[in-house]
Amino acid sequence: MAAVVEETTVPETEVPVATDVTFRIRRFLPDVDTEPHWEDYTIALFPTDRVLTALEKIKGEVDGTLSFRRSCGHGICGSDAMRINGRNRLACKTLVKDLDTSKPITIEAIKGLEVEKDMIVDMEPFFAAYRQVLPFLIPEGHEPSRERLQSAEDRARFDDTTKCILCACCTTSCPVYWTDGQYFGPAAIVAAHRFIFDSRDAGFEQRLEVLNDKEGVWRCRTTFNCTDACPRGIEVTKAIQEVKRALIFRRV
């Protein structure tokens, strides 16, 4: 008796379709403009395309004068931080499908730092604040003859703040930083936290004195903008509060 072969129907795979998406980009060409202005660009994109892909397509196919920073394209270098629909994000981690494409998607430079061209800002004030908090291990005594061992519990104490990629999303989302260019900003305090709570470090008092400055940790108003903006999911506001407590009680 011949075997009966049942026919099965293989469902058709839905093929992604590219659709036109409009980007409204805040441009600033220093050789031409006295003030920034908005320009619209409409290009075909797939829902899974990233905003960085869109910007590269605009620059490569539509307007070669468009300028922005980018490097790794995978959310590690932090160089492509910008305001997308009014929120600080990394262009390489923001998908078109997660944005409302029924109206123009706005792209502009992060706030609080001088715009040099389009989405490129002067990062030097940001890195100057970072350097002031001594963002490196300050060991006690001379160079050891073996590793400085640390328990898993001690390592976990500052694990969250090791994730910072210095993209400036947190700092440039802070209303205090927008109005007070002298404020260290959240990213610098996060960098200090990473070493203040490191059991191998001996620079506790030095960093606390830096952060106890009038433009230091006490300028934070706990708006949580920084935590919401962090593309790495760092609990920035929590870290700032822990540094404040360390300053008050002089212990970790």
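Structure: above.
Residues numbered from 1 in each chain as written. Predicted model: local features only at pLDDT ≥ 70, side-chain atom pairs only at ≥ 80, totals over all residues. Heavy atoms only, no water.

**Q** Describe the overall build of the protein chain, with residues and values.
**A** Helix and strand counts for the protein chain come out as 8 helices and 7 strands. Its C-alpha atoms give the protein chain a radius of gyration of 23 Å, more than 25% over the compact-globule value 18 Å for 252 residues. Overall size of the protein chain, expressed as C-alpha extent along the three principal axes, is 80 × 75 × 35 Å. Counting the 252 residues in the protein chain, one finds 42% classified as buried. Residue pairs in contact within the protein chain that sit at least 24 positions apart in sequence constitute 63% of those at least 6 positions apart. Of the charged side chains in the protein chain, 34 are positive and 40 negative; the average position of the first set lies 6 Å away from that of the second. (Helix = DSSP H or I, 4+ residues; strand = E, 2+ residues; numbered from the N terminus. Rg over C-alpha atoms; globule rule 2.2 N^0.38 Å. Buried < 20%, exposed > 50% of the residue type's maximum accessible area, 1.4 Å probe, protein only. Contact = heavy atoms within 4.5 Å. Lys, Arg positive; Asp, Glu negative; His and termini not counted. Charge placed at Lys NZ, Arg CZ, Asp CG, Glu CD.)

**Q** Any chance you could break down the packing of aromatic side chains for me, citing the residues and the numbers?
**A** A full pass over the atoms with the stated rule returns 1 aromatic pair. Between Phe 126 and Phe 127, the aromatic rings sit 5.2 Å apart at their centres with planes inclined by 75 degrees, giving edge-to-face as the arrangement. Its relative accessible area of 3% is what places Phe 126 among the buried residues. The ring of Trp 178 carries Lys 111 above its face, with NZ or CZ at 3.7 Å from the centroid. The positively charged end of Arg 194 is found above the aromatic ring belonging to Phe 195, 4.1 Å away from the centroid. (Phe/Tyr/Trp six-rings, centres within 6.5 Å; stacked < 30°, edge-to-face > 60°. Lys NZ or Arg CZ within 6 Å of the ring centre and 35° of its normal.)

**Q** Can you explain the nonpolar core? Please cite residues and give values.
**A** Judged by nonpolar contacts, the single largest core of 65 residues is most densely connected at Phe 23, Ile 25, Leu 55, Ile 107 and Leu 211. Of all the elements, helix 5 (residues 186-196) adds the most residues to this core, at 7 residues. In contact with Phe 23, not counting residues within four places along its chain, are Glu 39, Asp 40, Tyr 41, Ile 43, Leu 45, Val 51, Ala 54, Ile 58, Ile 105 and Ile 107. (Core = buried A, V, L, I, M, F, W, Y, C linked by side-chain atoms within 4.5 Å.)

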